[in-house]
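These are the residues of each chain, in order.
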Amino acid sequence: MSADRISLRGVRATGYHGVFEHERRDGQEFVIDVEVTLDLGRAGATDDLHDTVDYGALAAGVVARVEGEPFDLIERLATVIAEDVRRDRRVEEVRVTVHKPHAPVGVPFGDVAVTVVRTRETAAPVPVVVALGANLPRDGEAPEVTVEAAVAALETTPGLAHVTASALFDSDPVGGPADQPVYVNAVVVARSTLSAQDLLEALHGIEARFGRSRDVRWGPRTLDLDLVQYGDPAAGTDVVSADPALTLPHPRAHARGFVLVPWADVDPAAVLRHGDRVLAVRDLAGATGHGIRRRAPATAPGPDDPSDEGHER
Ligand SMILES: Nc1ncnc2c1ncn2[C@@H]1O[C@H](COP(=O)(O)OP(=O)(O)OP(=O)(O)O)[C@@H](O)[C@H]1O
Ligand SMILES: Nc1nc2c(c(=O)[nH]1)N=C(CO)CN2
């Protein structure tokens, strides 16, 4: 577990929690401390609020719970706050203390408080496949630089592990305006403890960071990240969804050489669900791979091209 912490102490709000009728009627002050354990390395490097837990939002959430539905026990109030905070997948552990300084204790006292500690639920990692594409420069950098930077962003995305990237491929544009530039494509395979929805959200976050705006369908873009598959179709554990907001497997992946060729490059044994069938990506790549060209590595690696192997970083 990370040694990094965000501590928020002494948040005050009035609530109506308590066992006694007068507590429910009159209300009283509650004081809350929250300590969140999470890795702050990324925020420390990027100086970007999106890379951490916003303590303002944290405090607002605490006050909303204190002022919200009344509970009998401060144990319950502390637990509800801790569950709220733990829902953010970056949070490794949360410690919530609820003080009730004016509690009806019956004798003079200084403070009464309860503390609950909750740690992240550890989900079993799921194999996932992400397709990357770019065909516009960003800040004067060529598309291949953006794709490499997006791979690096995936490597440091919390909840993703064993991030392994294919070689880069140049590909003729498929669909969209006739005159758009050639694409640079790659595929990343990884293991995810994020849900499919959370992973898509993380992909959208990376697209946004690299200047992606959504305008022309299949039009040119600085960066496009698609979630191609979530889970293992060979084991029947893949997520299948027709939801337009997240369709799985990606509905066009089976026909896209610019996805299949890099995917077979990084994982020659990969399989893809297409309807009821589970198909070898290598075969699909063979049938759709026209117009896809492996880019020469930036630095000459010698006679054996190691990009055939994919490279885990
Ligand atoms: N598997 C998926 N991966 C990524 N986005 C998806 C997926 N399924 C549905 N979507 C939705 O599709 C919407 C449009 O995505 P995007 O802008 O990347 O499409 P596109 O790149 O123009 O076309 P294509 O989906 O054919 O690659 C997104 O807002 C997203 O919610
Ligand atoms: N060659 C190529 N063509 C495309 C690509 C892409 O990544 N590569 N992406 C598209 C929409 O996602 C539309 N067309």
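Treat the numbers as computed from the prediction; the structure is a model and nothing was measured.

Rules used in this analysis
Residues numbered from 1 in each chain as written. Chains lettered and ligands numbered in written order. Predicted model: local features only at pLDDT ≥ 70, side-chain atom pairs only at ≥ 80, totals over all residues. Heavy atoms only, no water. Near = heavy atom within 4 Å. Polar contact = N/O pair within 3.5 Å; in protein donor to acceptor, adjacent residues only side chain to side chain. 1 Å grid on protein atoms, 1.4 Å probe; cavity = no way out; pocket = protein on both sides within 12 Å on 5 of 7 lines; lining within 4 Å. Sits in = over half its atoms within 2 Å of the grid points. Nonpolar A, V, L, I, M, F, W, Y, C, P; charged D, E, K, R; others polar. UniProt positions renumbered as here; feature names shortened; annotations may be inferred. Helix = DSSP H or I, 4+ residues; strand = E, 2+ residues; numbered from the N terminus. Patch = residues over 30% accessible without salt bridge, like charges linked within 9 Å, V, L, I, M, F, W, Y side chains within 5 Å. Areas by Shrake-Rupley, 256 points an atom, 1.4 Å probe, with all protein chains shown as cover. Salt bridge = Lys/Arg side-chain N within 4 Å of Asp/Glu carboxyl O. Buried < 20%, exposed > 50% of the residue type's maximum accessible area, 1.4 Å probe, protein only. Points joined across faces, edges and corners; volume = space filled by probe spheres on them. Domains from an automatic or database assignment. Expected span 1.5 Å × (residues − 1). Arc of directions from axis to C-beta. Contact = heavy atoms within 4.5 Å.

With that settled, the discussion passes to the site of ligand 2. In the vicinity of ligand 2, the contacting residues are Gly133, Ser171, Asp172, Pro173, Val174, Tyr183, Asn185, Trp218, Arg221, Asp224 and Phe258. In this structure, Val174 approaches ligand 2 through a main-chain N or O atom, which is 2.7 Å from a nitrogen atom. Asp224 has a polar side-chain atom sitting 2.7 Å from an oxygen atom of ligand 2. If you map ligand 2 onto the pockets, it falls in the second largest pocket. For the shell around ligand 2, the class distribution of residues is 5 nonpolar, 3 polar and 3 charged.

When the UniProt feature table is mapped onto this chain, "domain: 7,8-dihydro-6-hydroxymethylpterin-pyrophosphokinase" (unreviewed entry) is found at residues 217–228. Strand forms 42% of residues 217–228 and helix 0%; the C-alpha atoms that close the span are 18 Å apart.

This part takes up a nonpolar patch on the surface. Together, Val19, Phe20 and Leu73 make up a nonpolar patch on the protein surface, roughly 290 Å² of accessible area in all. Along the chain, Val19 turns up in the loop between strand E1 (5–15) and helix H1 (21–26). What makes Val19 exposed here is its relative accessible area of 57%.

Its boundaries defined by the atoms lining it, the largest pocket holds a volume of some 1100 Å³. As for the largest pocket, its lining consists of 34 residues, and the residues nearest its centre are His50, Arg90, Thr157, Pro158 and Ala202. The set of elements that each furnish at least two residues to the lining of the largest pocket consists of strand E6 (160–165) and helix H6 (196–209). Ranked by residues supplied to the lining of the largest pocket, first place goes to H6 with 7 residues. Counting contributing residues per domain, the lining of the largest pocket is built from domain 1 (5–119) and domain 2 (126–294), each supplying no fewer than three.

Our next topic: helix H3 (residues 55–67). Here H3 spans 18 Å end to end across 13 residues, near enough to the 18 Å set by a 1.5 Å rise per residue. Every buried residue of H3 is listed here: Leu58, Ala59, Val62 and Val66. Mapping the buried residues of H3 onto a view down its axis gives an arc of 95°, with all of them on the same face. On its buried side, H3 packs onto E1, strand E2 (28–37) and helix H4 (74–86).

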